[in-house]
Amino acid sequence: MSEKSILVVDGEQNVRTMMTQALEPLGIPVQTAINGEDALKKMETTTYSVVFLDLKMPGMDGLKVLRHIQQERPGVRVVIVSAHGSVESVAEAMKLGAVDFLEKPFTPTEVRDLATQILEREVLETSQVIHFPDWATLMHEPVSDRSIACARDIVCRAVSTGPSRAEAYTLLASLFEVGFQRLEEMKQLPKVKPTEPFIEGEL
Amino acid sequence: MKKTGLYIVIVGCGRLGAHLANRLSSEGHSVVAIDLSESAFPGLSADFSGFRIEGDATQTAVLREAKVHKADVLIATTHDDNVNLMVAQVAKKIFNTPKVLARVFDPRRETAYAQLGIRTICPTSVAAGLFFDAISEDE
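The structure reproduced in this document is the subject of the present report. No experiment lies behind these values; they were computed from the predicted model shown.

## Section: the interface of chain A and chain B
You'll often see interface size given as the accessible area lost when the parts meet.
Step number 1: On the chain B side, the residues contacting the 13 residues of chain A number 16 residues.
Step number 2: Considering only the side of chain A, the residues that lose the most area to chain B are N14(A), M18(A) and P105(A), jointly responsible for 45% of the buried surface there.
Step number 3: Between the two partners, chain A and chain B, sit five residue pairs in polar contact (both at pLDDT 80 or more).
Step number 4: Secondary structure elements with two or more residues in the side of chain A that touches chain B: α1 (13-23) and α5 (108-123) of chain A.
Step number 5: Looking at the side of chain A that touches chain B element by element, the count peaks at five residues for α1(A).
Step number 6: A breakdown of the residues in the side of chain A that touches chain B according to their chemical character gives five nonpolar, five polar and three charged.

## Quick look at the sheet that holds strand β1 (residues 7-11) of chain B
All names here are of chain B.
Step number 1: What the six strands build is an open sheet, ordered β3-β2-β1-β4-β5-β6; its pairing is parallel. The two strands at the open ends of the sheet, each matched to only one other strand, are β3 (51-54) and β6 (119-121). Strand-to-strand twist in this sheet, taken as the mean axis angle between neighbours without regard to direction, amounts to 20°.
Step number 2: As judged from the three bridges shared by strand β5 (residues 99-103) and β6, these two strands associate in the parallel manner. Residue pairing for β6: L101 is matched across the bridge by R119.
Step number 3: Lying on the sheet, helix α1 (residues 15-26) is in contact with β1, β2 (30-35), β4 (73-76) and β5; it crosses β1 at an angle near 165°.
Step number 4: Contacts from helix α3 (residues 81-93) reach β1, β4 and β5, with the element oriented near 175° to β5.

## Examining the packing of helix α2 (residues 36-45) of chain A against helix α3 (residues 62-72) of chain A
Residue and element names in this part refer to chain A.
Step number 1: Two numbers describe how α2 lies on α3: the axes approach to 10 Å, and their chain directions differ by 15°. Accordingly, the angle class assigned to the pair α2 and α3 is roughly parallel. Where α2 crosses over α3, the handedness of that crossing is right-handed. Contacts between α2 and α3 involve G36, L40 and M43 on the former and, on the latter, V65, H68 and I69.
Step number 2: Broken down by class, the residue content of the contact of α2 with α3 amounts to four nonpolar, two polar and no charged.

## Let's talk about the nonpolar core
Step number 1: Core analysis: the biggest nonpolar cluster contains 47 residues, and M19(A), F52(A), L102(A), F106(A), V9(B), I34(B) and L74(B) have the highest contact counts within it.
Step number 2: Filtering out sequence-adjacent residues up to four positions away, L102(A) remains in contact with M19(A), F52(A), V79(A), I80(A), V81(A), S82(A), E110(A), V111(A) and L114(A).
Step number 3: In this structure, A33(A), M57(A), V65(A) and I80(A) belong to the second largest nonpolar core, which totals 23 residues.

## Focus on the packing of aromatic side chains
For any pair of aromatic rings, geometry is given as the distance between the ring centres together with the angle between the planes.
Step number 1: A complete count under the given rule lists one aromatic pair over all chains for this structure.
Step number 2: A centroid spacing of 5.1 Å and a plane angle of 80° characterise the contact between F106(A) and F51(B), whose relative ring orientation is edge-to-face. Of this pair, F106(A) sits in the loop between β5 (100-103) and α5 while F51(B) sits in strand β3, on two different chains.
Step number 3: The class of F51(B) is buried, set by a relative accessible area of 7%.

## Observations concerning the packing of α3(A) against helix α4 (residues 87-96) of chain A
Packed helices, taken two at a time, are described by their axes: the angle between them and the distance between them.
Residue and element names in this part refer to chain A.
Step number 1: The interhelical angle for the contact between α3 and α4, taken along N-to-C directions, is 5°, at an axis separation of 10 Å. Put simply, α3 runs roughly parallel to α4. Residues L63, L66, R67 and Q70 of α3 form the contact with α4, whose own contacting residues are S89, E92, A93 and L96.
Step number 2: The residue makeup of the contact of α3 with α4, split by class, is four nonpolar, two polar and two charged.

## With respect to the pairing of β1(B)
Residues and elements named next belong to chain B.
Step number 1: Burial within β1 is extensive, with five of its five residues counted as buried.
Step number 2: Burial along β1 is two-sided: the face carrying Y7, V9 and V11 and the face carrying I8 and I10 are both buried.
Step number 3: Here five bridges tie β1 to β2, and the two strands are oriented parallel to one another. Looking across to β2, one finds that I8 is bridged to V31.
Step number 4: One crossover worth recording links β1 to the parallel β2 by way of α1, and it is right-handed.
Step number 5: Bridging between β1 and β4 involves four bridges; their strand directions are parallel. Opposite I8, over in β4, you have V73 as the bridge partner.

Criteria and cut-off values
Residues numbered from 1 in each chain as written. Chains lettered and ligands numbered in written order. Predicted model: local features only at pLDDT ≥ 70, side-chain atom pairs only at ≥ 80, totals over all residues. Heavy atoms only, no water. Contact = heavy atoms within 4.5 Å. Buried area = accessible area lost by both parts, 1.4 Å probe. Polar contact = N/O pair within 3.5 Å; in protein donor to acceptor, adjacent residues only side chain to side chain. Helix = DSSP H or I, 4+ residues; strand = E, 2+ residues; numbered from the N terminus. Nonpolar A, V, L, I, M, F, W, Y, C, P; charged D, E, K, R; others polar. Pairing = 2+ DSSP bridges. Axes fitted to C-alpha atoms, helices over the stretch in contact; angles between N-to-C directions. Parallel < 35°, antiparallel > 145°, perpendicular 65-115°, else oblique. Left-handed = near helix turned anticlockwise from the far one by under 90°. Core = buried A, V, L, I, M, F, W, Y, C linked by side-chain atoms within 4.5 Å. Buried < 20%, exposed > 50% of the residue type's maximum accessible area, 1.4 Å probe, protein only. Phe/Tyr/Trp six-rings, centres within 6.5 Å; stacked < 30°, edge-to-face > 60°. Right-handed = clockwise from strand over helix to strand, strands pointing away.

Written out as structure tokens, the structure reads:
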């Protein structure tokens, strides 16, 4: 596995400093980018395990950067860093594939815990997972990648290893709901009509 | 041993609040400074690496926004003793902040604060003590 590293993208020097200090004890290289353009440039040469991305930045905003990352480097885990009360933008970012979000102001422990959680999720491999807590950690990954079938599979395995744990059932129900919504959306699509009349025996 | 990496909320960003915020930030702590007016924040140095929140800290929503429930320390340094007492009490009783400190101008209130379990620092008492010490030294 490639060496882990973290990228902090924020327009404010104080936030970059604070996050770098907070992540220091993890012993993982942390780089910073002052804006979206700088971040994308850095990502051309380095593959980061986690990117902490501020939503509100001068020039290219966080959502635009996130779209770029999702298109160009879909494997990169992006955590959205947002100001208090920017619920709509955070929701949009989560829909676009951000794995989690962090609200300002944040404590050093919050930053470290979140980074650790995401990095651990990356390390877990399905073949090695036996216990419920590991399945529970693993099941968030396909959900954030919007890979519904894969998520369902993992959640089902989580249920079988920890049948008394309610959270897996809740997530499973949500996944089925998402699947149902997609089905409903597909039903709303215009039906394709043949442009030429069907002639019996032609096919 | 000096602790670093604490999450500290400072209410009131006047001369004392800003000074504390700058120093604690330079020592590697995460600091959130709250003040009623944005005009108080220029007191923070260019190296200050914390957050600023403009708002009334007597409102729990503002304290919640500052994540006082996750803070290791809260320091109330506004110019109003009553505000400091109220904020300190809310932090202590509602948000269970482990360490709460308040500035109190009136030395007569120190006892009342102490009875509520809030540690106070009274500039009047501190200055008076230093004056007494200086007089004794001269003798």
